[in-house]
Amino acid sequence: MIIAFDADDTLWVNEPYFREAEAALLEMLSRYYPGEDLLDRLYQQEIKNLNIFGYGAKAFTLSMIESAIELSHGKVSGSEIQRIIDLGRGIMSQPVKLLKGVEETIKQMSSEHQLMLITKGDLFDQESKIARSGLADYFRIIEVVSEKDEATYNQLLIKHNIQPDQFWMVGNSLRSDVLPIVELGGQAVHIPCDVGWVHEHVDVDESTRQTYHELTCIDQLPELISKTA
Ligand SMILES: [Mg+2]
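Reading guide: rules and limits
Residues numbered from 1 in each chain as written. Predicted model: local features only at pLDDT ≥ 70, side-chain atom pairs only at ≥ 80, totals over all residues. Heavy atoms only, no water. Buried < 20%, exposed > 50% of the residue type's maximum accessible area, 1.4 Å probe, protein only. Helix = DSSP H or I, 4+ residues; strand = E, 2+ residues; numbered from the N terminus. Arc of directions from axis to C-beta. Contact = heavy atoms within 4.5 Å. Domains from an automatic or database assignment. Buried area = accessible area lost by both parts, 1.4 Å probe. Pairing = 2+ DSSP bridges. Right-handed = clockwise from strand over helix to strand, strands pointing away. Disulfide = S-S within 2.5 Å. Donors = N, O, S within 2.8 Å, 3.2 Å for Na, K, Ca; no water. Axes fitted to C-alpha atoms, helices over the stretch in contact; angles between N-to-C directions. Parallel < 35°, antiparallel > 145°, perpendicular 65-115°, else oblique. Left-handed = near helix turned anticlockwise from the far one by under 90°. Nonpolar A, V, L, I, M, F, W, Y, C, P; charged D, E, K, R; others polar. Expected span 1.5 Å × (residues − 1). Bend = angle between axes of the 7 residues up to and from the residue.

K.L.:
Got a sec to walk through helix α6 (residues 123-133)? Specific residues and values, please.
P.N.:
Taken together, the buried positions of α6 are occupied by Asp125, Gln126, Lys129, Ile130 and Ser133. Seen along its axis, α6 keeps its buried residues to an arc of 130°; they face one direction. For α6, the exposed residues set more than 90 degrees away from the buried face come down to Phe124 and Ala131. The secondary structure elements touched by the buried residues of α6 are α3 (57-71), α4 (78-92), β2 (114-120) and β3 (141-145). Remark: glycine 134 follows α6 within two positions and exhibits a positive phi of approximately 80°.

Following this line, the structure appears as structure tokens:
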């Protein structure tokens, strides 16, 4: 059995750092742009940039800068741009804070199963976080990918010679960690996180909900796998 984990907001805190930077940006821009749709405008910019800049803090920083320029009609100052860059730097230099139960669970499971880490985003940032997490040695395979969709997972399964029915994926995002795995015939475990990114949100109906497992904390995972597998 191969057990794969998402990293951001599954193993460690990530999204809250983005939301903090976003709140600081909104405050900075409020004097240039009174509209209530400020947050939405930033999100639209992020989505527009995804295909070019990809996921992660650096892409987010560029989107924040672009939004600031656009929404202030070019009036945002050099020192304010610097402040936005500092907000982005702040996201990337946060200490890696493991979520509840992660260290014990990963350690325990690594002695019974082959563990894999599959994360998307900026390669440099993700490699840095993996190294700083102290968890790297527990994973037999670590993959940083640019998108987590069915095609990517299929390629990874082929690359590592893994049968879908031998594959479990655990993560906080239905869109990126759960639904593609269900489609491929693997077992998926959703562990929702308090703070989410709207891009990762999907509504699922009751019949879809039956196709994956849902836990409230990663420490429930060993029992679920031993009962199911
Ligand atoms: Mg995640």
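K.L.:
An account of the domain arrangement of the protein chain is needed here, citing residue identities and associated values.
P.N.:
Where interface size is quoted, it is often the accessible area lost as the parts come together. Domain annotation of the protein chain identifies domain 1 (2-13 + 96-228) and domain 2 (15-92). The C-alpha-based centres of domain 1 and domain 2 are spaced at 28 Å. If you look at the interface, domain 1 gives 17 residues, while domain 2 gives 13 residues. Counting each side, the surface lost to burial between domain 1 and domain 2 is near 1,400 Å², with a carbon and sulfur contribution of 60%.

K.L.:
Describe the pairing of strand β1 (residues 2-5), and please don't skip the residues or the numbers.
P.N.:
Of the two faces of β1, the one holding Ile2 and Ala4 and the one holding Ile3 and Phe5 are both buried throughout. Bridging between β1 and β2 involves four bridges; their strand directions are parallel. Counterpart to phenylalanine 5 in the pairing with β2 is leucine 117. With four bridges connecting them, β1 and strand β4 (residues 167-171) associate as parallel partners.

K.L.:
So what's going on with the side chain of asparagine 172? Which residues, and what values?
P.N.:
Tracing the backbone shows asparagine 172 in the loop between β4 and α8 (174-184). If near-sequence neighbours (up to four positions away) are discounted, asparagine 172 is found in contact with Asp6, Asp8, Asp9, Thr10, Asp177, His190, Ile191, Pro192 and Cys193.

K.L.:
I'd like a rundown of the pairing of β4, residues and numbers included.
P.N.:
Here β4 lies mainly inside the structure; five of its five residues are buried. Of the two faces of β4, both are covered, the one formed by Phe167, Met169 and Gly171 as well as the one formed by Trp168 and Val170. Handedness of the crossover joining β4 and strand β5 (residues 187-190) through α8 is recorded here as right-handed.

K.L.:
Go over the state of the cysteines, please, and point to the residues and values.
P.N.:
As enumerated under the stated definition, the model contains zero disulfides in all. Cysteine cysteine 217 remains unbridged, with the sulfur of cysteine 193 as its closest cysteine sulfur at 12 Å.

K.L.:
Describe the coordination of the magnesium ion, and please don't skip the residues or the numbers.
P.N.:
Donor atoms from the polypeptide that coordinate the magnesium ion comprise Asp6 (OD), Asp8 (O) and Asn172 (OD1), at 2.2 Å from the metal. Judged by relative accessible area, which is 17%, asparagine 172 ranks as buried.

K.L.:
Just give me the short version of the sheet that holds strand β6 (residues 213-214), but keep the residues and values in it.
P.N.:
Within a sheet, neighbouring strands are paired by backbone hydrogen bonds and run either parallel or antiparallel to one another. Ordered in space as β3-β2-β1-β4-β5-β6, the six strands form an open sheet in which the pairing is parallel. Strands at the two margins of the open sheet, each flanked by one partner only, are β3 and β6. Pairing of β5 with β6 involves two bridges; the strand directions are parallel. For valine 189, the partnering residue across the bridge sits in β6 and is histidine 213. Its contacts with the sheet put helix α7 (residues 150-159) on β2, β3 and β4, and the angle it makes with β3 is roughly 150°.

K.L.:
Residues and numbers for the packing of helix α1 (residues 15-29) against α4, please.
P.N.:
The description of two packed helices rests on the angle between their axes and on the distance between the axes. One way to put it is that α1 packs onto α4 with a least axis distance of 9 Å and a crossing angle of 170°. The orientation of α1 relative to α4 falls into the category roughly antiparallel. As for the relative orientation of α1 and α4, their crossing is right-handed in sense. Contacts between α1 and α4 pair Tyr17, Phe18, Ala21, Ala24, Leu25 and Met28 from the former with Glu80, Arg83, Ile84, Leu87 and Ile91 from the latter. Across the contact of α1 with α4, the residue classes tally to nine nonpolar, no polar and two charged.

K.L.:
A description of helix α2 (residues 38-53) should follow, citing residues and the corresponding values.
P.N.:
For α2, spanning 16 residues, the distance from its first C-alpha to its last is 21 Å, which sits close to the expected 22 Å at 1.5 Å a residue. Approximately 25° is the largest bend angle found in α2, and it occurs at isoleucine 47. Those residues of α2 not exposed but buried are Leu38, Leu42, Tyr43, Gln45, Glu46, Asn49 and Leu50. Positive backbone phi, at 75°, marks glycine 54, one or two positions downstream of α2.

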